[in-house]
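The primary structure of each chain is shown beneath.
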Amino acid sequence: MSQTSIIVRGWRITRITLHVVTGITLAALVLPVCNRWMRLGLIQWWCKRLLHCFNLRVTTSGELPDIRTHGVLFVANHISWSDIHAINSLIPVRFVAKMEIKDWPIFGYLVRKSGTIFINRTRNRDAARVVNICSHALKLNDNLCVFPEGTTTEGLSVLPFKSSLLQAAIEANSQIIPVAIHYPLPDGQPNLEAAYAGDTTIIASMSTYLKMLQPTVHLHFGTPMTASGQTRQQLAQQAHAQIHAALFA
């Protein structure tokens, strides 16, 4: 596979560095004092620009939600750190992420300031706390996104979904929209280098992205599901089926 030149990588690093500095400034000085809609708009703008700095193209299919969509729980498979930015570049959402992300250098700070809800996956009881937070957020018309696989994969399969966090949609009586995430090569095959999985570090993953000429992430938005009258296990199975079908049918 062709790679970018050292000059192109240097230019991208420069742009990313400046954009991250802008993000830190916004997170420290602007986000704490702006209203909700301005906050969401700034986060969406920042994510979209970050993808542009990496030359990462976002394509979509399916029932793309309207920008005015609110109070929806998005459920997605998980491949890379860029999944979050790709979804956020289209519609502002708050994410549920593993606690370890809080400790990422620089990006951990930005993630905390963006309203991310953190879950400690080593403690079974922490899921109940997060469900309460998510349910309250959905009732306040926040959009949320969860990755019920509980980890990232290379994109060659969709792991079984953990259903606990989908209880929040039931309690808030909100819609659930499945999102199938795919990083395709020009021939349509999965771009395994785009995966942030296994023992890969965040820095190593970003370095790999810098070497790609034009990586692409494709988001397929599935048919909205109503949480009312269903168990969380049923919802997890239905969301998993939609995502699996979109990726491998």
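For the structure itself, consult the block above.
Residues numbered from 1 in each chain as written. Predicted model: local features only at pLDDT ≥ 70, side-chain atom pairs only at ≥ 80, totals over all residues. Heavy atoms only, no water.

Q: Pulling in residues and values, what's your account of the overall build of the protein chain?
A: When helices and strands are tallied, the protein chain shows eight helices and eight strands. Computed over its C-alpha atoms, the radius of gyration of the protein chain comes to 17 Å, within 12% of the 18 Å expected for a compact globule of 249 residues. By its C-alpha atoms, the protein chain is 55 × 45 × 35 Å across when sized along the principal axes. A buried classification covers 47% of the 249 residues belonging to the protein chain. Residue pairs in contact within the protein chain that sit at least 24 positions apart in sequence constitute 76% of those at least 6 positions apart. (Helix = DSSP H or I, 4+ residues; strand = E, 2+ residues; numbered from the N terminus. Rg over C-alpha atoms; globule rule 2.2 N^0.38 Å. Buried < 20%, exposed > 50% of the residue type's maximum accessible area, 1.4 Å probe, protein only. Contact = heavy atoms within 4.5 Å.)

Q: Describe in detail the pairing of strand β3 (residues 94-98), supporting the description with residues and values.
A: The sheet contact formed by β3 and strand β5 (residues 144-146) spans two bridges and is parallel. Of the residues in β5, the one forming a bridge with F95 is C145. In this structure, β3 lies alongside strand β4 (residues 117-119), joined through three bridges in parallel fashion. Looking at β4, one finds that K98 is bridged to I119. For the crossover that starts at β3, traverses helix α4 (residues 107-113) and ends in the parallel β4, the hand is right-handed. (Pairing = 2+ DSSP bridges. Right-handed = clockwise from strand over helix to strand, strands pointing away.)

Q: Report on helix α7 (residues 202-211), specifying residues and quantitative values.
A: Buried within α7 we find I202, S205, M206, Y209 and L210. Looking straight down α7, one finds its buried side chains confined to an arc of 145 degrees; they lie on one side. (Arc of directions from axis to C-beta.)

Q: Explain the packing of helix α1 (residues 6-30) against helix α2 (residues 36-53) to me, using residue names and the numbers behind them.
A: When two helices pack together, their arrangement is given by the angle between their axes and by how far apart the axes lie. Where α1 meets α2, the closest approach of the two axes is 9 Å, and the angle between their N-to-C directions is 170 degrees. With respect to α2, the element α1 is oriented roughly antiparallel. Contact with α1, carried on its side by R12, R15, I16, H19, V20, T22, G23, L26 and V30, involves L42, W45, W46, R49, L50, H52 and C53 of α2 and no other residues of that element. Per-class residue counts for the contact of α1 with α2 are nine nonpolar, four polar and three charged. (Axes fitted to C-alpha atoms, helices over the stretch in contact; angles between N-to-C directions. Parallel < 35°, antiparallel > 145°, perpendicular 65-115°, else oblique. Nonpolar A, V, L, I, M, F, W, Y, C, P; charged D, E, K, R; others polar.)

Q: Any chance you could break down empty space enclosed by the protein for me, citing the residues and the numbers?
A: Applying the stated criterion to the full structure yields two cavities of 30 Å³ or more. As for the largest cavity, its lining consists of 25 residues, of which W46, H85, L110, V111 and S114 are closest to the centre. Those elements that provide at least two residues to the lining of the largest cavity are α1, α2, α3 (82-90), β3, α4 and α7. For the lining of the largest cavity, the element with the most residues is α2, which contributes four residues. Here the lining of the largest cavity is composed, by residue class, of 18 nonpolar, six polar and one charged. Around the second largest cavity, the lining residues are I79, E154, G155, H182, Y183, P190, N191 and L192. For the lining of the second largest cavity, a count of residues per class yields four nonpolar, three polar and one charged. (1 Å grid on protein atoms, 1.4 Å probe; cavity = no way out; pocket = protein on both sides within 12 Å on 5 of 7 lines; lining within 4 Å. Points joined across faces, edges and corners; volume = space filled by probe spheres on them.)

Q: Before we move on, could you go through unusual backbone geometry and cite the residues and values that matter?
A: One non-glycine residue, N141, lies in the positive phi region at around 75 degrees. Locating N141 in the fold gives a position in the loop between α5 (126-139) and β5. You will see that N173, though not glycine, has its phi angle at about 55 degrees, which is positive. Among the structural elements, N173 can be located in the loop between α6 (167-172) and β6 (175-182).

Q: Quick rundown of the nonpolar core? Include the residues and the values.
A: Inside soluble globular proteins, nonpolar side chains tend to come together where they are buried. Of all hydrophobic cores here, the largest spans 48 residues; its most connected members are F54, F74 and I181. When residues in this core are grouped by element, the largest group, six residues, is from α2. Those residues in contact with I181 that sit more than four places away from it in its chain are A76, N77, I79, D83, I87, F147, V217, H218, L219 and L247. Listed in part, the 28 residues of the second largest apolar core include A127, V146, L235 and I243. (Core = buried A, V, L, I, M, F, W, Y, C linked by side-chain atoms within 4.5 Å.)

Q: So what's going on with the side chain of H240? Which residues, and what values?
A: Structurally, H240 can be placed in helix α8 (residues 232-248). Here the side chain of H240 touches L159 through a polar contact of 3.2 Å, landing on its backbone oxygen. H240 has contacts with V158, L159, P160 and F161, leaving out every residue within four places of it along the chain. (Polar contact = N/O pair within 3.5 Å; in protein donor to acceptor, adjacent residues only side chain to side chain.)

Q: Break down the environment of A245 for me, citing the residues and quoting the values.
A: With respect to the helices, strands and loops of the structure, A245 is situated in helix α8. Considering only alpha carbons, one finds A245 and A180, 65 residues apart in sequence, at a separation of 8.9 Å.

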